[in-house]
Amino acid sequence: MRDDLIAKLDGLHEADEFEEIVNTIMEIPAEDRDYELTSHLGRAMNNLERYEEAVEQFLTIAEEGQDDPLWHYRTGLAYYYLERYEDARREFELADKLDPGDEDTLEFLEWIASKTAEESAPESREELKAESESQAEASLVKSSFSPQNTDMNDFWEDSEHANEYISKPVTDEQISSVEEQLVFKLPASYINMMKIHNGGIPHATRYPVGQPTSHGKDYIVISGIFGIGRDKPKSLCGKRGSRYMVENYNYPEIGVVICDCPSVGDAVMLDYRPAGNDGEPEVIYVDRESNNKIIKLADNFEAFIQGLMKAENTEG
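Structural notes, computed from the coordinates. The model shown is predicted, which means the values in this text are computed figures rather than measured ones. (Residues numbered from 1 in each chain as written. Predicted model: local features only at pLDDT ≥ 70, side-chain atom pairs only at ≥ 80, totals over all residues. Heavy atoms only, no water.)

1. What about the packing of helix H3 (residues 35–47) against helix H6 (residues 69–81)?
- The N-to-C vectors of H3 and H6 enclose an angle of 30°; their axes lie 10 Å apart at closest approach. Relative to H6, H3 is oriented roughly parallel. Pair H3 / H6 crosses with left-handed handedness. Across the interface between the two elements, Tyr35, Ser39, Arg43 and Asn46 of H3 pack against Trp71, Arg74, Leu77 and Ala78 of H6. (Axes fitted to C-alpha atoms, helices over the stretch in contact; angles between N-to-C directions. Helix = DSSP H or I, 4+ residues; strand = E, 2+ residues; numbered from the N terminus. Parallel < 35°, antiparallel > 145°, perpendicular 65-115°, else oblique. Left-handed = near helix turned anticlockwise from the far one by under 90°. Contact = heavy atoms within 4.5 Å.)

Structure follows, in C-alpha cells:
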C-alpha cells in the first residue's frame, strides 16, 4: 500500500502535478506522515513556490534530515527564494559537505555569494538620496498617522523573521507605480504608515471578529503587514504579495491583500466594493477554510490598526 503511494507521488512529480501531491499527502494526518512523505510534501511546495510552507514541513523532520544532502538542498532552496540568504548558504554548504561537487548545489552557492555581495555594496548616490528624502518625509508624516491608543514607536517587532516583510523606504513615484500595478488607490493612512516603517510584523497580531472563524476562535491572527514595493517576497507586489495570494487562493477580485495569516490561505484585504477603486476601502478577513467567507473587520485601515491586540489581551 505504501509502496503504491510513493510510486503515485513519484509519477505525479514527473508529470509536474505538484498541487495533487500536496493534496494527496495533506489528506494523511500529520502524525502519520514519515520522513519520506514529508520530504515529498516539502519538495512539492517548493515547486509551487510555497517556500514558507516548505520550510515549515522540512523543519518537522530536521533531526532525521541532518545526514541527508537532499534535505539540506531542498531546505536551502526554500530559504534562497525567501531571500534568507545566510540560512540558505548554511544548508547548501552542508549539502555540499555530504555530497561534494553537486553542480546545482554549487550553483546556488555562487548565486548566494553574488546576492550577498550586491547587498553589502555601497549604495548609489541616487539610492542614498532617495532614502534620505524618504526619511525626511517620514518625519513630516509621522504626526499624520498616530491613531489613538497606538504608539507607533512600539508598534513593530523588528525581528529577523520580519525582514521578509520590511521593504526599502518608499518614494511617491514608487507608490504611484505600485498603485498602477494593483489598479487600486491605497488609503492615505496606510501610505503614511508605510512611509514611517514600510511593512513588518507588529507586536499586536490579533483582531477580534465577534464571531467564530473556521478555526473556532472569535479573533483572527495576522503574520505580518505587507509593505509598499516589489523588493521583498511579502510586499504588495512581491513574489508572495497581493497578486500571488489572490491568484493562488482564488480570492474574490475585490481589492488588495495587506496581511497574510499563520493559517495558510487566510488573509486580510482592503475591500474596495463600497467605494470603488479610488475610494476609501473597508478592511475584511478572508476565511479560506470556510470557502473564502468574507468577514468585515473595520471601516478603514486606521480603524483596523487601532483594533489590533496583543495575545495576552485576547485570551479568555
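2. As for the sheet that holds strand S6 (residues 282–287)
- Within the open sheet, the 5 strands sit side by side as S3-S4-S5-S6-S7. Their pairing is antiparallel. The sheet terminates laterally at strand S3 (224–225) and strand S7 (293–298), the two strands that pair on one side only.
- Where S6 and S7 come together, 5 bridges link them in antiparallel fashion. Bridge pairing links Tyr285 to Ile295 in S7. (Pairing = 2+ DSSP bridges.)

3. Remarks on the environment of Asn163
- Take Asn163: it is sitting in the loop between helix H9 (125–141) and helix H10 (172–182).
- Each C-alpha atom of the pair Asn163 and Lys234 lies 9.2 Å from the other, and the pair is 71 residues apart in sequence.

4. Let's talk about the packing of helix H1 (residues 2–14) against helix H2 (residues 18–26)
- Taken N-terminus to C-terminus, the directions of H1 and H2 make an angle of 155°; their axes are 8 Å apart at the nearest point. Viewed along their axes, H1 and H2 adopt a mutual orientation that is roughly antiparallel. When you trace H1 past H2, the crossing you get is left-handed. Of H2, the residues touching H1 (which contributes Leu5, Lys8, Leu9, Leu12 and His13) are Phe18, Glu20, Ile21, Thr24 and Ile25.

5. What to know about a negative patch on the surface
- Where like charges cluster on the molecular surface, the negative patch consists of Asp10, Glu14, Asp16, Glu17, Glu20 and Glu27.
- Within the secondary structure, Glu17 sits in the loop between H1 and H2. (Patch = residues over 30% accessible without salt bridge, like charges linked within 9 Å, V, L, I, M, F, W, Y side chains within 5 Å. Areas by Shrake-Rupley, 256 points an atom, 1.4 Å probe, with all protein chains shown as cover. Salt bridge = Lys/Arg side-chain N within 4 Å of Asp/Glu carboxyl O. Lys, Arg positive; Asp, Glu negative; His and termini not counted. Charge placed at Lys NZ, Arg CZ, Asp CG, Glu CD.)

6. Regarding the environment of Arg74
- By the secondary structure assignment, Arg74 is in helix H6.
- Judged by its relative accessible area of 15%, Arg74 is buried.
- Put simply, Arg74 and Val55 are 19 residues apart on the chain and 8.7 Å apart in space, counted from C-alpha to C-alpha.
- For Arg74, the contacting residues outside a window of four places in its chain are Ser39, Arg43, Asn46 and Phe58. (Buried < 20%, exposed > 50% of the residue type's maximum accessible area, 1.4 Å probe, protein only.)

7. Some remarks on H10
- Listed as buried for H10 are Ile175, Val178, Glu179 and Leu182. Projected down its long axis, H10 carries its buried residues within an arc of 100°, all on one side. In H10, those exposed residues whose orientation departs by more than 90 degrees from the buried face are Glu173 and Glu180.
- Close packing links the buried residues of H10 with helix H11 (188–196), helix H12 (242–248) and strand S4 (255–260).
- Of the residues flanking the end of H10, it is Val183, one or two places downstream, whose phi is positive at about 70°. (Arc of directions from axis to C-beta.)

8. Some details on unusual backbone geometry
- Of note in this structure, Glu49 is not a glycine but carries a positive phi near 65°.
- Note on placement: Glu49 falls in the loop between H3 and helix H4 (51–60).
- Positive phi values are uncommon outside glycine, yet Val183 reaches one of about 70°.
- Within the element layout of this structure, Val183 appears in the loop between H10 and H11.
- For Val183, a relative accessible area of 54% gives the class exposed.

9. A word on the pattern of salt bridges
- For the structure on display, the rule yields 14 salt bridges.
- The closest approach of N and O atoms between Arg90 and Asp87, which form a salt bridge, is 2.9 Å. Here Asp87 and Arg90 lie together in helix H7 (residues 85–98), a separation of 3 residues that amounts to about one turn.
- Residue class for Arg90 comes out partly exposed when judged on its relative accessible area of 36%.
- Where Asp299 meets Lys296, a salt bridge forms, and the shortest distance between an N and an O atom there is 2.6 Å.
- Taking the relative accessible area as the measure of exposure, Lys296 reaches 43% and is therefore partly exposed.

10. Examining the state of the cysteines
- For the coordinates displayed, the defined rule picks out 0 disulfides.
- Cys259 supplies the cysteine sulfur nearest to Cys261, a cysteine that is in no disulfide, at a spacing of 7.1 Å. (Disulfide = S-S within 2.5 Å.)

11. Focus: the nonpolar core
- Within the largest apolar cluster, 52 residues are counted, with the highest numbers of intra-cluster contacts made by Ile228, Leu236 and Phe304.
- Those elements giving two or more residues to this core turn out to be H10, H11, H12, S4, strand S5 (267–271), S6, S7 and helix H13 (301–307).
- Once residues within four sequence positions are removed from consideration, Ile228 is found in contact with Ser167, Val170, Ile175, Val178, Leu186, Tyr190, Ile191, Met194, Asn198 and Leu236.
- Ile6, Trp71, Tyr80 and Leu109 belong to the second-largest nonpolar core, a separate cluster that totals 34 residues. (Core = buried A, V, L, I, M, F, W, Y, C linked by side-chain atoms within 4.5 Å.)

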